[in-house]
Amino acid sequence: MQVKPDNCTIIIFGASSDLAARKLFPSLYELALWGNLPDDYHIIGVGRAALSHEEFRSFMQTKMAGIFPDSVRDEAAYAAFIARIAYVRLDLEEPDGYHALYHEIMTTAAAVCRCANLLFYLATPPSFAPVIVRNLQRADLGEKDGCMDGWRKIIVEKPYGRDLQTARELNSVIGEVFSENRVFRIDHYLGKETVQNIMVFRFSNGIFEPLWNRHHIANVTITIAEDFGIRDRGAFYEEAGLLRDIMQNHALQLLAAVAMEPPVDLSADAVRDEKAKVLRSIRPFTTESVDHSVVLGQYDGYRSEKNVASDSTVETFAAIKFFIDNWRWKDVPFYVKAGKNLAATVTEIVITFQCPPQNYFCPAESCSYTANQVILRIQPEETIAIKFGAKRPGESVITDPVFMKFDYKTSFTEAGLTPYHRLLLDALAGEQMNFIRQDSVEYSWAIIDSIRQAVGSKLPEGYPAHSHGPESVDKIYG
Ligand code: BG6
């Protein structure tokens, strides 16, 4: 049986945010229902709205009703969960409010002393993170505030900063208040079963790893496509854009998982060392290289979305050819494409192997039609397929591509945890393997900054909704 986390209080900043209502509170309820939370836990929502505890509880219940309708709810467990929620109203930038939070923690929590175990969760826009952390420190709520018995940890949502400089500043502010082993930079992609399986697939099987390099692999394609737009997140997107929202984190983390060396062991730092090395080895972009290796796009109609400027130049699509300058991957292109409002919703990684040296069976000049591929489908299907050539039945010897397929749904009956279940449990337990380390965040920003600088003021290209992206996307494959 899994060891239960220590008794603790979870403090969620941005308590009325979409993320809190759709993911954090529902995940915590389910963890409580399944007996995964500590025996004595409390949750304090922190927000700007002037709400009483009771008003916040009803607000959250209304939000969660869509996810857990009466018919599927365990009423007793639900009522017990809701009763453990409290609320503190504060202005994030105003230090005085944090004393009220301190007071609430000490009275609400099982904590009878100031050394309660505290997990802070910043589900707020990235620009608020430094001021929140400073104010926690001022209110004696930081880890380094002389508390010897209880632990204090902090989870920070992505995007972590908005470029290398702000990420460094944030790392430095957080570093003054929390030790690195208490900082959990969350990227929910790392909590996905299929993403965690990349490492298992590569390193628990003997047959792939000897081929997993520049001598056998022609290219790697990573796609994160969504068939919907920015929904009601206009204000966020205007600040972030796709490079910050998806490329800097989800996409580069997938790339690191595919390209990393085997770790020394499975400790958090051994795994994260290898990912950091990949990110550090990505070739920076220049004004010359972006011309043939970066295409940014904006879907038609984006400028009419709510809270979006009518002359916005924010990108909602990016296709980028990366190179990793190390011994394993030198000169192997990694094509990474991500976008909103594309033809389909799919996240997948395709590893394409080199064609055999002689082409006996293909009618065409090139055998690329049947080139071997390993296709790691991250979502919505959770599958791995291996593509190879097989003889088409009949008199002629012609090869057709066929697939061998593994599907999580048919091979396993256990239901997996969702990313937020898993990552919340990991943070409570202090397990950092699936959180991003300081150095990796900075290496990833350095790459994104180099793209932004090299692109300069060039405008993103338009593309029709539900298409495959801008017309010129193919130029990166040249
Ligand atoms: C979030 C991005 O981090 O991930 C969203 O901010 C994106 O723009 C979402 O839609 C995709 O995650 P998932 O797990 O829902 O596919």
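Up top is the structure these notes are about.
Scoring rules and cut-offs
Residues numbered from 1 in each chain as written. Predicted model: local features only at pLDDT ≥ 70, side-chain atom pairs only at ≥ 80, totals over all residues. Heavy atoms only, no water. Core = buried A, V, L, I, M, F, W, Y, C linked by side-chain atoms within 4.5 Å. Buried < 20%, exposed > 50% of the residue type's maximum accessible area, 1.4 Å probe, protein only. Helix = DSSP H or I, 4+ residues; strand = E, 2+ residues; numbered from the N terminus. Contact = heavy atoms within 4.5 Å. Near = heavy atom within 4 Å. Polar contact = N/O pair within 3.5 Å; in protein donor to acceptor, adjacent residues only side chain to side chain. Areas by Shrake-Rupley, 256 points an atom, 1.4 Å probe, with all protein chains shown as cover. Salt bridge = Lys/Arg side-chain N within 4 Å of Asp/Glu carboxyl O. Phe/Tyr/Trp six-rings, centres within 6.5 Å; stacked < 30°, edge-to-face > 60°. Pairing = 2+ DSSP bridges.

A. Structural context of the nonpolar core. Core analysis: the largest hydrophobic core is formed by 109 residues, its most contacted members being F13, L101 and F322. When residues in this core are grouped by element, the largest group, 13 residues, is from helix 8 (residues 234-259). Sequence-distant contacts of F322, that is, excluding residues within four places in its chain, are made with M247, L252, L255, I282, F285, V332, P333, F334, V336, I447 and I451. Y41, A123, I155 and L425 belong to the second-largest nonpolar core, a separate cluster that totals 38 residues.

B. Inspection of the site of the ligand at higher detail. In the vicinity of the ligand, the contacting residues are K158, H188, K192, E226, R233, D245, H250, K340 and Q379. Take H188: an N or O atom from its side chain is 2.7 Å from an oxygen atom of the ligand. Taking K192, its side chain carries an N or O atom lying 2.5 Å from an oxygen atom of the ligand. Burial of the ligand by the surrounding chains reaches 75%, relative to a free accessible area of 400 Å².

C. Structural detail: the pattern of salt bridges. Counted according to the given criterion, the structure contains 30 salt bridges. Notably, a salt bridge pairs E54 with R57, separated by 2.9 Å at the nearest N-O pair. One end of the pair, E54, and the other, R57, are both in helix 2 (residues 53-65), three residues apart, so they sit about a helical turn from each other. Residue class for E54 comes out partly exposed when judged on its relative accessible area of 48%. Two residues, K340 and E226, come together in a salt bridge whose shortest N-O distance is 2.6 Å. In this pair, K340 sits in the loop between strand 10 (334-339) and strand 11 (346-353) while E226 sits in the loop between strand 7 (217-225) and helix 8, placing the two residues 114 residues apart along the sequence. Note on E226: relative accessible area 17%, which makes it buried. Where salt bridges share partners, they join D269, R272, D273, R437 and D439 into one cluster.

D. Geometry of the packing of aromatic side chains. Counted under the stated rule, the structure contains 21 aromatic pairs. On the numbers, 5.7 Å between centres and 80° between planes, the contact of F285 with F322 is edge-to-face. Taken together, the residues span a long stretch of sequence, with F285 in the loop between helix 9 (268-281) and helix 10 (287-293) and F322 in strand 9 (residues 317-322) at a distance of 37 residues. Accessibility assignment for this pair places F285 and F322 in one class, buried. Taken together, the aromatic side chains of F25, F56, F59 and Y87 make up a single cluster linked through ring pairs.

E. Region of interest: the pairing of strand 11. Of all eight residues making up strand 11, eight are buried, and the element is well covered by its neighbours. Every second residue of strand 11 is oriented toward a common face, with V346, E348, V350 and T352 on one face and T347, I349, I351 and F353 on the other, all of them buried. Relative to strand 11, strand 7 is paired through eight bridges, and the arrangement is antiparallel. Looking at strand 11, one finds that A225 is bridged to V346. Across six bridges, the pairing between strand 11 and strand 12 (residues 373-379) is antiparallel. Residue pairing in the sheet places I349 in a bridge with L376 of strand 12.

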